[in-house]
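Fold and geometry: a report
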2 protein chains.
Amino acid sequence: MTSIKHVYFFGNKTAEGNEKMRDLLGGKGANLAGMNLIGIPVPPGFTITTEVCNEYFRNGRDEAAIMALIRPEVDAAMKKIEAAVAGPKFGDNSNPLLVSVRSGARASMPGMMDTILNLGLNDEAVATIAAKSNNPRFAWDSYRRFVQMYGDVVLGMKPENKDAEDPFEEIIGHVKAQKGVRLDTELDTGDLKELVKRFKEAVKKSTGQDFPVCPREQLQGAVMAVFNSWMNDRAILYRRLNQIPAEWGTAVNVQAMVFGNMGNNSATGVAFTRDAATGENIFNGEYLINAQGEDVVAGIRTPQQITLEGSKRWAILAGVGEEERKKNYPSLEEAMPEVYRDLFRTQRALEDHYKDMQDIEFTIQDGKLWMLQTRNGKRTGAAMVKIAMDMLKEGVIDEKAALLRLEPNKLDELLHPVFRKEALAKGKAIAKGLPASPGAATGQIVFSAEDAETWVEKDRHAKVILVRVETSPEDLKGMNVAQGILTARGGMTSHAAVVARGMGKCCVSGAGAVAIDNKKRTMSVDGAVYKEGDWISLDGSTGTVYEGQIATQLPELSGSFGEIMQLSDKHARLLVRTNADTPRDAVQAREFGAQGIGLCRTEHMFFEGDKILSMREMILAKDEAGRRNALKKLLPLQRNDFEGIFEAMDGLPVTVRLLDPPLHEFVPHDEKGQAEMSAVMGVPYEEIHARVEALLEQNPMLGLRGCRLGNLYPEITEMQTRAIIEAALNLKKKGIKAIPEIMVPLPGILYEFLAQRKIIDNTAAKVFAERNDCVDYKVGTMIEIPRAALTANRIAESAEFFSFGTNDLTQMTFGYSRDDVAKFLPMYIDKGILKNDPFAVLDQKGVGQLVSMAAVNGRSVRPELKLGICGEHGGEPSSVEFCHRIGLNYVSCSPFRVPIARLAAAQAALR
Amino acid sequence: MTSIKHVYFFGNKTAEGNEKMRDLLGGKGANLAGMNLIGIPVPPGFTITTEVCNEYFRNGRDEAAIMALIRPEVDAAMKKIEAAVAGPKFGDNSNPLLVSVRSGARASMPGMMDTILNLGLNDEAVATIAAKSNNPRFAWDSYRRFVQMYGDVVLGMKPENKDAEDPFEEIIGHVKAQKGVRLDTELDTGDLKELVKRFKEAVKKSTGQDFPVCPREQLQGAVMAVFNSWMNDRAILYRRLNQIPAEWGTAVNVQAMVFGNMGNNSATGVAFTRDAATGENIFNGEYLINAQGEDVVAGIRTPQQITLEGSKRWAILAGVGEEERKKNYPSLEEAMPEVYRDLFRTQRALEDHYKDMQDIEFTIQDGKLWMLQTRNGKRTGAAMVKIAMDMLKEGVIDEKAALLRLEPNKLDELLHPVFRKEALAKGKAIAKGLPASPGAATGQIVFSAEDAETWVEKDRHAKVILVRVETSPEDLKGMNVAQGILTARGGMTSHAAVVARGMGKCCVSGAGAVAIDNKKRTMSVDGAVYKEGDWISLDGSTGTVYEGQIATQLPELSGSFGEIMQLSDKHARLLVRTNADTPRDAVQAREFGAQGIGLCRTEHMFFEGDKILSMREMILAKDEAGRRNALKKLLPLQRNDFEGIFEAMDGLPVTVRLLDPPLHEFVPHDEKGQAEMSAVMGVPYEEIHARVEALLEQNPMLGLRGCRLGNLYPEITEMQTRAIIEAALNLKKKGIKAIPEIMVPLPGILYEFLAQRKIIDNTAAKVFAERNDCVDYKVGTMIEIPRAALTANRIAESAEFFSFGTNDLTQMTFGYSRDDVAKFLPMYIDKGILKNDPFAVLDQKGVGQLVSMAAVNGRSVRPELKLGICGEHGGEPSSVEFCHRIGLNYVSCSPFRVPIARLAAAQAALR
């Protein structure tokens, strides 16, 4: 433990911590302190630090040791709460102080960990509160909630199998059935007393122990339960998806309770200072009268809108008439205008202070507003971009802040397809819900998260739409693999909506017309029945559900997005190129702002049409003459390919990689395919079969490929060089400027590269002489074999550029075959042996060391050496930052990652 | 060109060069200069430097340019020769100076390149010589030899197909047939004139040009032919086998002719100052009266012995009676006692001067001795060791010189099997030849070098004996793959004998009783006929040929060999361990001086007997419980293995590597094998088949193996650790000291190693507690993944030793699969892209850089880190030297390489 202070008090506009202490106090704790310091009313409380959590796990979850460590500070902090609330005391049943216990990690992990409210209640205390509040129903509702939460979370009674019913919910169901009512709110005080009695019996039966009556014991249990929740499966999964280290730990916030369930002058709600889906500068949110805690988010009751404008908009979407709206779903602005004004002022103050869109939680207790939380709000990619640009224009933040607060990966959402307008016009809308998370999704219906996972496991191209009454944290994995999410219940701040927005996934929530039958695996809307596997489409921007599949198209990159990209290019030093093998990809990437092609894989061209036939003819050839004959047929086809690509990239450099994959990738390995090939080519089956067998390798990844092919069959390199140079010369006549950079794949030895360079230069010279014309071209090499990186100073003497092929370099540096790594890589990430999949996130310690060594050594002999990266890491933000740091000239990535890389490059330059 | 002097004169006991200038003048040229300087009679001449040769090839073989460069110096040197011989002038047909033109590279390449004698002859000159010498037959014999050599070598008339007859030999055959004689010596002057006439006609027919009459033109052609011979196929092959760089080039020696064919008072011969086969200090050699140049070595006439003692010994082996010997085969000692005394003194002087056994060539012209060459003689491994130790004892050289002049790889010969005495006693001797190169060989007869190659290509375990009338340089490849060589003709200095000794290959030469029929592919000895494919055995130490196969055994390492080993250990810093998986190997290696086991591969143990069944049961197990059950059966078997090995290495460290190979290596991949496995194990075939399929990988080398296995199935690591620790404890009770070093294979990530180390330490602690006893053990790791080498400073924090697995490290650093590399590696070595097979000789630039980086970084955090190497490079001398240089503690190699590594380690320390 590096800090000797374990507990930080806050309350009454003072605080021992502050908003900068996120690492120690967690986000929630830091902001609770921060809000106090800027004079916002917050129930007093204290935060137990993340270091205590870490110590707890280091100690093998030794509860007694941890309590010994923190008890004196906890007791002292509790005294300060008692002083702040002036009256109630924790553990004093004659005037009990109740507290909430909440987790709070450095990064927000919504719904991942557990919370306990109303802690401090027991049979005596509840009686006191019933009497003092003159509201026995409130007191007993609070008590039954506490017992239930405590039983589920601290005593572990929540079933692990999520299909099994919660034992407490089961009891509630029985009681409601006995009484013949549907809603919890229809239960009276007597019913609630009965619930508490039965709950305690269930606890005794399940744990063998009486429910704890001592508030100090309750507190200890709750604090440990919060710590334990840091390591529950959902939290671990969430951290993995969001790359949050386990070492961060969670803080625990203990706070005096305020009650939104104290009657009709009480309420609880959540709000955003701007629109989390679109980014518009509109205050919005939802609340519930006479409700507590998670009721709003859980989506069990339909929440009401905070602003009048929002309420009216909601009513239209939900099909609720103005009369009914006013009566049953009034906005907070209408229902409690004074409190609303307080809330409005407070949200402005918070956004002004934090200079970012805030996601706030509040409770109104008997007409008084209390803020329970503020944090930077999760938002869609589109909202992220718009809010940043708006705040920049408003003068709230500067360019650096605007760029640095963006998550590059979230731009991906903006690049996702949208429905084609003409297809959408013809689409059959079948239901309407809330536009909870924008985007367009088309997929086959599944009714459970497990099914979603299974479908995608079986066929990784499967597209499914997860259809649920409402979602819960257990559905996370299934939501992650689904194209979109449709829920029948829940508002804009329901679990499904919040999580989907966080994932950048299309979601339509609260589509009340959709009736789901989980047993039959069907959903029906207005009498029409849709089965599992039927196709539907969701428009997350309008909340519309369509029947069948609807065609999509690429979005236009305009407005704030375009501005952000321009701003990125202004600040970035690293150029961004693209990996593209076809004119179509090249055009697309250029539209996304690519400044050249960093990797054009020639082999992909060989699979098209007649080319594969000539390619196979070459492979089957018995000697050089036979190969040259086949290559002669390939030459015009390949030259044509290059003309298309060079034309698309007119004036920008195009790095063409010579033939790379092993030859056996071009021939069929199965009997049927070989028989077909035999028929088409007029070559006996046996001959083809024998040749294919001869081509097979034990470890093709480490076999005859790359420039080893070009050195064994120099005529292939000759043909490819000729096609490149001739294409460039042809275009020159048309006034189109091709800038070819010819790249030798896979060398590990200087002389391997030199042998290829000689063929390339000789061939180019020959073509120039034939045509009596010339073009500039460069010759460089992939650095993708560890040995090439280790001897880069030698290779740089003769290579004009290096392109780091970090895919292969990762394979060889780790000794991992990408094709086989699935057998152990997930286990390594689970066990924390690896933090990331090194094929997704560049391993800076190992692979990066080679890259950086090669960059330094290469430049030491050729200072103007052009350096780039063309592995898949070229579009991954942390890897882009690394490339910037070590001084590469460019990164190259797939067209759809180009905008992400541009932003990441700018951020790297600004950091 | 870095030197401006291109031609170095020598003669008359003066010289412009000296014996230290081997690089520039070649070995022959440097020693010709050197012999002059110590007063030994050498025909005057000059040497054209190796740099001229290199310039010739750099210039694209531009003859005119080279001649322009050297002509003035050549002319000047020729003038000096003329001055030295006082009379004859080059190009003066009235008193012609004849010269020889010989190649001479830095390293001796016997028979690889071409020689031309008697250059300067033409129709006029021959007449002058005939008259002046009063010996027309000699003159015309010299002329016909010259035309033949010049036609073959300079004019390219020697057929490339070695089965095609030389056109000149064909003419000789015709003339002899016409005349009805058998021997060349039976031809008279008239016949020789006829030969010259027909030779010249053949030249004209073949080249379209008259045979050149101008000596200067002849000289230019001959010099260029010598240069060109540097790049002929035989020379290239020889260089590759002997790792001689092409850049060395060859020098050309032009020397005044002396004639061994001037009559019966003339002779030519070769001799060794000590016995090249056994190393005994006995002057020995062979000569022919009235002969020239290569006649002795070519083996066409049976050469006579130089010493009387040698001659008597030869007669016994050859079955020649004393009368006949004296008459037809007198020794030089008898035939020319004066000259013999001169020769004896000279050879002593040369050995004293060069302090090494010399291989000398001489010519006696009309009773006067001329030395034509001296060089350190090629010798067998046994002779190498004995001569070095003898000279050390004689006080000629010191320990350093004795050790440094040894070729470690040649020790291999001494470790080769010898015939078992009892088997040999029962063997049926069928013929007797000369003990040309010692060793024991058993194999199947083949009658051509091509057949030898083909047999071994088809089956790499094939053992063949190459049986030839005599061998020629074209047979090199075939000799290289044969177990031994038997020739019917040729002496101790015949091509077969010299080359076989150089290769350390068993050879019996000149077994005159053997009659070979190449067409029928049979050989007959005393009526018994042996066909191709029949087994015979050769004893190269006695010259005996046996029928059938004779069992062999390992040699004893005693005498000079033992002394050399002790001397090595005295000077070496690097320890030598062995790679051994069985007690038998361990015992063998310990006898060879291994100081521990550096690599004990546990997986090899799993293939024996019942172990493979339990192993397969484990692999088929569906869950951990099933695996544990199978492992329980393996435990006692594996413990037993370890007990055997630890006992064999009592008191020496044993590095045990945990399970490394992918599991699919333990199961049959074919239907038959799987069906058998199904029957034996009582598991349905389909289940086995499915499991095996599931285990297959695209690139198994980069797949689920090494510690990835131990991390996925920790129970395997547990079992192996338990077996190791229990074995050590069991032996401790018996007073045997096991020093286990447990080695984790294939980590690339610190945490990967840590996870294994935790299991190992926990298991060991558990066993210690159970037994209430303990032993010391270390835990370390292989460094065989590039990333492990790159992050060695982190891994060293927790590992007590590193063992560099340079086999895998080479695979991954180069991106070469050992199993597939044959498709392009030979081409890379042919083209000079790679100098060596990196799996045989450690690549110091790339792989070595990683090893050395890891050594430095590892020691930076743990100075006492023990470092070793256990790849196959551990027994390769240049790699051992590298290991010494970078400060490793030990190398580990296969038992038979241990003595080689010990010597290499000493040499490394001495250099």
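You'll find the structure just up there.
Just so it is clear, the structure is predicted and the values come from calculations on it, not from any experiment. (Residues numbered from 1 in each chain as written. Chains lettered and ligands numbered in written order. Predicted model: local features only at pLDDT ≥ 70, side-chain atom pairs only at ≥ 80, totals over all residues. Heavy atoms only, no water.)

Our focus in this paragraph is the overall build of chain A. Within chain A, the regular secondary structure consists of 38 helices and 32 strands. Relative to the compact-globule value of 29 Å for 911 residues, chain A shows a C-alpha radius of gyration of 32 Å, a close match. The buried share among the 911 residues of chain A stands at 58%. Across chain A, the fraction of contacts at a sequence separation of at least 24, relative to all contacts at a separation of at least 6, is 68%. (Helix = DSSP H or I, 4+ residues; strand = E, 2+ residues; numbered from the N terminus. Rg over C-alpha atoms; globule rule 2.2 N^0.38 Å. Buried < 20%, exposed > 50% of the residue type's maximum accessible area, 1.4 Å probe, protein only. Contact = heavy atoms within 4.5 Å.)

Attention now moves to the state of the cysteines. Inspection of the entire model under this criterion finds zero disulfides over all chains. Of all cysteine sulfurs in the structure, the one in C893 of chain B sits closest to C883 of chain B, which takes part in no disulfide; the separation is 10 Å. (Disulfide = S-S within 2.5 Å.)

Bringing the sheet that holds strand 8 (residues 284–289) of chain B into the picture now. Across a sheet, paired strands are connected by hydrogen bonds in the backbone, their directions being either parallel or antiparallel. The five strands lie next to each other as 9-8-7-10-11 (chain B), forming an open sheet whose pairing is antiparallel. Every other strand in the sheet has two partners, leaving strand 9 (304–305) and strand 11 (368–376) of chain B as the edge strands with one partner each. (Pairing = 2+ DSSP bridges.)

For the match of chain A to chain B, the screw axis carries a shift of 0.0 Å, the RMSD comes to 0.2 Å, and the turn is 180°. Look at the turn and shift together and you get a two-fold axis relating the two. Closest approach to the rotation axis within chain A is made by the C-alpha atom of N699 of chain A, at a distance of 2.1 Å. A symmetric contact is evident, with 100% of the interface residues of chain A recurring at the interface of chain B. (Least-squares fit on C-alpha atoms with pLDDT ≥ 70 in both.)

All names here are of chain A. Within strand 22 (residues 535–539), four of the five residues are buried, which leaves it mostly tucked inside the rest of the structure. Sheet analysis places strand 15 (residues 440–446) next to strand 22, joined by five bridges and oriented antiparallel. Its bridge partner being in strand 22, G443 is matched across the sheet by I536. Pairing of strand 22 with strand 23 (residues 544–547), which is carried by four bridges, proceeds in the antiparallel orientation. Its bridge partner being in strand 23, I536 is matched across the sheet by E547. Remark: four residues form the turn of the hairpin made by strand 22 and strand 23, two consecutive strands paired antiparallel; G543 in that turn has positive phi of roughly 85°.

Turning our attention to the pairing of strand 18 (residues 506–509) of chain B. Residues and elements named next belong to chain B. Judged by which residues are buried, strand 18 turns out to be covered on both faces: C506 and V508 on one side and C507 and S509 on the other are all buried. Summarising the sheet, strand 14 (residues 434–437) and strand 18 pair through three bridges and their orientation is antiparallel. Looking across to strand 18, one finds that L434 is bridged to S509. The pairing of strand 17 (residues 484–487) with strand 18 spans three bridges and is classified as parallel.

For the rest of this paragraph, the subject is the pattern of salt bridges. Any two side chains of opposite charge can pair, on the condition that their charged atoms come close. Residue and element names in this part refer to chain A. As enumerated under the stated definition, the model contains 120 salt bridges over all chains in all. When the shortest N-O distance is used, the salt bridge between K197 and E201 registers 3.8 Å. On the criterion of helical spacing, the pair formed by K197 and E201 is a turn pair, its members being four residues apart in helix 7 (residues 189–207). Owing to a relative accessible area of 45%, E201 belongs among the partly exposed residues under this scheme. Residue D808 is joined to R705 by a salt bridge in which the shortest nitrogen-to-oxygen separation is 2.7 Å. One end of the pair, D808, is in helix 34 (residues 806–814); the other, R705, is in the loop between helix 28 (685–695) and helix 29 (707–712), and 103 residues separate them in sequence. Taken as a pair, D808 and R705 share a single burial class, namely buried. Each member of the salt-bridge network shares a partner with another, and the members are E603, R657, D660, R705 and D808. (Salt bridge = Lys/Arg side-chain N within 4 Å of Asp/Glu carboxyl O.)

As a further point, take helix 14 (residues 337–354) of chain A. All names here are of chain A. For helix 14, with 18 residues, the first-to-last C-alpha span of 26 Å sits near the 26 Å given by 1.5 Å per residue. Residues V339, Y340, L343, T346, Q347, L350, E351 and Y354 constitute the buried set of helix 14. Taken around the axis of helix 14, the buried residues stretch over an arc of 130°, which confines them to a single face. Seen from the open side of helix 14, the exposed residues pointing more than 90 degrees away from its buried face are E338, R345 and D352. Buried residues along helix 14 sit in contact with helix 1 (22–37), helix 13 (332–335), strand 10 (358–365), strand 11 (368–376) and helix 15 (381–393). (Expected span 1.5 Å × (residues − 1). Arc of directions from axis to C-beta.)

Let's shift gears to the side chain of T810 of chain B. Residues and elements named next belong to chain B. Inspection of the secondary structure puts T810 in helix 34 (residues 806–814). According to the relative accessible area criterion, T810 is buried, its value standing at 0%. Looking at T810, its side chain comes within polar contact range of the main-chain oxygen of T806, at 2.6 Å. Excluding residues within four positions of it along the chain, T810 makes contact with G815, P838, F839, V847 and H873. (Polar contact = N/O pair within 3.5 Å; in protein donor to acceptor, adjacent residues only side chain to side chain.)

Another point: the environment of N889 of chain A. Residues and elements named next belong to chain A. Positionally, N889 belongs in the loop between helix 37 (877–885) and strand 32 (890–893). For N889, a relative accessible area of 30% puts it in the partly exposed group. Sequence spacing of N889 and Q243 is 646 residues, and the spatial spacing of their C-alpha atoms is 28 Å. If near-sequence neighbours (up to four positions away) are discounted, N889 is found in contact with L574, L575, R859, L865, K866 and L867. In this structure the side chain of N889 is engaged in a polar contact, spanning 2.6 Å, whose partner is the backbone nitrogen of L867.

At its buried positions, helix 14 (residues 337–354) of chain B is contacted by helix 1 (22–37), helix 13 (332–335), strand 10 (358–365), strand 11 and helix 15 (381–393) of chain B. Residue K355 of chain B follows helix 14 of chain B closely and has a positive phi angle near 55°.

If you look at the interface, chain A gives 47 residues, while chain B gives 47 residues. Interface area for chain A against chain B, summed over the two sides, is near 4200 Å², with a carbon-plus-sulfur share of 59%. Ranking the residues of chain A by area buried against chain B places L702, R787 and K823 of chain A at the top, with a combined share of 16%. On inspection of chain A and its partner chain B, the count reaches two salt bridges. For the salt bridge of D843 of chain B with R787 of chain A, the shortest nitrogen-to-oxygen distance reads 2.7 Å. (Buried area = accessible area lost by both parts, 1.4 Å probe.)

Another aspect to go through is the sheet that holds strand 19 (residues 514–517) of chain A. All names here are of chain A. Read across the sheet, three strands follow the order 19-20-21 without closing on themselves; strand pairing throughout is antiparallel. Each edge of the sheet is formed by a strand with only one pairing partner; in this case those strands are strand 19 and strand 21 (528–531). The mean inter-strand angle of the sheet, taken between neighbouring strand axes irrespective of direction, is 25°. Judged from the four bridges that link them, strand 20 (residues 522–525) and strand 21 form a sheet pairing that is antiparallel. The residue bridging V525 from the neighbouring strand is A528, located in strand 21. (Axes fitted to C-alpha atoms, helices over the stretch in contact; angles between N-to-C directions.)

Aromatic ring pairs are reported here in terms of the distance separating the ring centres and the angle at which the planes meet. Here the structure, examined in full by the defined rule, presents 42 aromatic pairs over all chains. A centroid spacing of 6.2 Å and a plane angle of 40° characterise the contact between Y340 of chain B and F344 of chain B, whose relative ring orientation is tilted. Of this pair, Y340 of chain B and F344 of chain B both sit in helix 14, four residues apart, roughly one helical turn. With relative accessibility at 35%, the residue F344 of chain B sits in the partly exposed group. One aromatic cluster in this structure is built from F814, Y816, F824 and Y828 of chain A. The ring centre of Y8 of chain B lies 5.0 Å from the NZ or CZ of K5 of chain B, which sits over that ring. (Phe/Tyr/Trp six-rings, centres within 6.5 Å; stacked < 30°, edge-to-face > 60°. Lys NZ or Arg CZ within 6 Å of the ring centre and 35° of its normal.)

All names here are of chain B. Between helix 25 (residues 611–620) and helix 26 (residues 624–648), the shortest axis-to-axis distance is 8 Å and the interhelical angle comes to 150°. With respect to each other, helix 25 and helix 26 are oriented roughly antiparallel. Of the two possible hands of crossing, helix 25 and helix 26 adopt the one that is left-handed. In this structure, helix 25 uses K611, S614, M615, E617 and M618 to contact helix 26, whose residues at the interface are R627, N629, A630, L631, K633, L634, L637 and D641. Here the contact of helix 25 with helix 26 is built from residues that sort into six nonpolar, two polar and five charged. (Parallel < 35°, antiparallel > 145°, perpendicular 65-115°, else oblique. Left-handed = near helix turned anticlockwise from the far one by under 90°. Nonpolar A, V, L, I, M, F, W, Y, C, P; charged D, E, K, R; others polar.)

With that settled, consider unusual backbone geometry. Trans is the prevailing form of peptide bonds, just as negative phi is the prevailing case for residues other than glycine. Even without a glycine there, the phi angle at D366 of chain A is positive, about 50°. With respect to the helices and strands, the residue D366 of chain A is situated in the loop between strand 10 and strand 11. Using a relative accessible area of 52% as the deciding quantity, one classes D366 of chain A as exposed. Non-glycine residue N772 of chain B carries a positive phi angle of around 55°.

What follows deals with the environment of V181 of chain A. Residues and elements named next belong to chain A. Here V181 lies in the loop between helix 6 (167–179) and helix 7. The class for V181 is buried, based on a relative accessible area of 19%. Apart from the residues within four sequence positions on either side, V181 is in contact with K176, E186 and L187.

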